[in-house]
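As a plain string of letters, each chain reads:
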Amino acid sequence: MNIEELSSDLGVSTASLSRFIKKIGYENYSSFKRDMQAVQHKALDPSMKMKSFLSGFQSDDDNIKSQILKDIDVMSSFMQSLDMESVKESVLKISRAKSIVLAGLGISKSLVYFYDFRLQRMGIKTKCLINGGTEFIEALSTLTDEDLIIVISFKREYKEMVLALKYARENNIQSIALTENAQGNITKYADTVLHVTRGPDHALNSLSVPMSLSNALLLESASHRKEVIYEHMNKIKNLNEDYFKMEE
């Protein structure tokens, strides 16, 4: 956020915020922002989260149940804030798409693989962008306005994901973003945004909420294209029969 956005959220003037920042020892807002980003990155460091979690974890049945209950609590809270308009938009885009590009790095790859499996079963052509750098850029350059791109990005915003959404917007390519960062560039550039949560920032988070939402989203999308799916599943059935005959 720039200083104007932060001032607006806090309900104070930019001049008041600027004076406060200098009062606590910073030269300007930029130096304050860099320091806060460093603190946040440290708090979100996966290795730190894992060490903190394991240091207080004793493996037994009660702890296993406790972890499941934590997911249920997070899910219950998430349901209260679910934006159904964005969900409906996403369902329509997915159900009408002929080709879907799935992009995600890090832990987001888990959901990319899930979407890939389900969408192919729905008879939708897919392409997965799960490697960063030059390979990602070259694959991104092949997208056309006939594609739909789904970007999955949690707290950390990989620059590849932001680039993908900027490219989509500039080239009239429809986009959906599944993200945990309500203030980031992912939200800024995506056409349709699905906000999810994995739990408190400091905790070792699970994928229960984004996975549950994704499952419901894809099932609802499938209900909009039943005839296409039936035809596609028959094709798979016939191919399987031919495949097993070849083994005889």
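Residues numbered from 1 in each chain as written. Predicted model: local features only at pLDDT ≥ 70, side-chain atom pairs only at ≥ 80, totals over all residues. Heavy atoms only, no water.

- With an unreviewed UniProt entry as reference, the protein chain is termed DNA-binding MurR/RpiR family transcriptional regulator, source organism Salinicoccus halitifaciens.

### Considering the overall build of the protein chain
Then step 1. When helices and strands are tallied, the protein chain shows twelve helices and five strands.
Then step 2. By residue count, 36% of the 248 residues in the protein chain fall in the buried class.
Then step 3. Long-range contacts, defined as pairs at least 24 residues apart, comprise 67% of the intrachain contacts of the protein chain with a sequence gap of at least 6.
Then step 4. On the protein chain, roughly 15,300 Å² of surface is accessible, and the fraction owed to carbon and sulfur atoms is 53%. (Helix = DSSP H or I, 4+ residues; strand = E, 2+ residues; numbered from the N terminus. Buried < 20%, exposed > 50% of the residue type's maximum accessible area, 1.4 Å probe, protein only. Contact = heavy atoms within 4.5 Å. Areas by Shrake-Rupley, 256 points an atom, 1.4 Å probe, with all protein chains shown as cover.)

### Some remarks on the environment of Leu217
Then step 1. As for its placement among the helices and strands, Leu217 is situated in helix H11 (residues 208-223).
Then step 2. Distance in space between the C-alpha atoms of Leu217 and Ser90 is 7.7 Å, their sequence separation being 127 residues.

### Some remarks on the environment of Met233
Then step 1. In this fold, Met233 is placed in helix H12 (residues 226-247).
Then step 2. Residues Met233 and Arg121, spaced 112 residues apart in sequence, show a C-alpha to C-alpha distance of 7.2 Å.

### Observations regarding unusual backbone geometry
Then step 1. Residues other than glycine seldom take positive phi values, yet Asn172 does so here, at roughly 55°.
Then step 2. Relative to the assigned elements, Asn172 resides in the loop between helix H9 (159-170) and strand E4 (174-179).

### What to know about the pattern of salt bridges
Then step 1. Here the structure, examined in full by the defined rule, presents one salt bridge.
Then step 2. Between Glu180 and Arg198 there is a salt bridge; the shortest N-O distance is 2.7 Å. Residue Glu180 is located in the loop between E4 and helix H10 (185-189), and its partner Arg198 is located in the loop between strand E5 (192-195) and H11; the two are separated by 18 residues in the primary sequence. (Salt bridge = Lys/Arg side-chain N within 4 Å of Asp/Glu carboxyl O.)

### Regarding the packing of aromatic side chains
Then step 1. Under the definition given, this model contains four aromatic pairs.
Then step 2. Between Tyr26 and Phe32 the ring centres are 5.4 Å apart and the planes differ by 80°, which places this aromatic pair in the edge-to-face class. Across the pair, Phe32 and Tyr26 agree in class, each one buried.
Then step 3. Where Tyr243 meets Phe244, the ring centres are 5.4 Å apart and the plane angle is 75°; that geometry is what we call edge-to-face.
Then step 4. Among the aromatic residues, those joined into a cluster by ring pairs are Tyr26, Tyr29 and Phe32. (Phe/Tyr/Trp six-rings, centres within 6.5 Å; stacked < 30°, edge-to-face > 60°.)

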